[in-house]
Amino acid sequence: SVTRSEVFEFRLVPRVKKGIGVIKGNKTPYQAEDWLKTIQGISMANDWPFNFTLHYIRVYVKGVAKDWLLCQNFENWKDFADGLYGWLIYPIMRM
């Protein structure tokens, strides 16, 4: 029998940069929500664990969005999505 620690695991990362786009903290609420759903869809389709998804997300955030992301501590996807909604999406929608 083989234990999980004995199995080499790797993941392929799709080249979808043009489809995802970079988020800088200046998107409309609809663009930000679409970006979030796109990331979630890619993560789910590839069966990525959250920590891998978070590393992938870091490639696609710049400016104040990256500053915000690096100051956070997320345990799971819900924490991340709730945080992004609270920081970026809902405040813009209220304006």
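Residues numbered from 1 in each chain as written. Predicted model: local features only at pLDDT ≥ 70, side-chain atom pairs only at ≥ 80, totals over all residues. Heavy atoms only, no water.

1. Some remarks on the packing of aromatic side chains
Taken as a whole, this structure holds 8 aromatic pairs when the rule is applied. Seen in terms of ring centroids, W68 and F80 are 6.4 Å apart; in terms of plane orientation they differ by 50°. Their pairing is tilted. A residue pair is termed long-range when its members are at least 10 positions apart, and W68 in helix α4 (residues 63-70) and F80 in helix α5 (residues 77-94) qualify at 12 residues. What makes W68 buried here is its relative accessible area of 11%. On the accessibility criterion, F80 (1% relative accessible area) is buried. Members of the aromatic cluster, joined through ring pairs, are W68, F74, W77, F80 and W87. (Phe/Tyr/Trp six-rings, centres within 6.5 Å; stacked < 30°, edge-to-face > 60°. Helix = DSSP H or I, 4+ residues; strand = E, 2+ residues; numbered from the N terminus. Buried < 20%, exposed > 50% of the residue type's maximum accessible area, 1.4 Å probe, protein only.)

2. Here's the deal with the confidence of the model for the protein
Atom-level detail of predicted coordinates should not be read off regions where pLDDT is low. A residue-level look at the protein finds 72% of positions with pLDDT of 70 or above and a mean pLDDT of 79. When pLDDT is averaged over each element of the protein, helix α3 (residues 50-59) comes out on top at 90 and helix α1 (residues 17-20) at the bottom at 59. (pLDDT = per-residue confidence, 0-100.)

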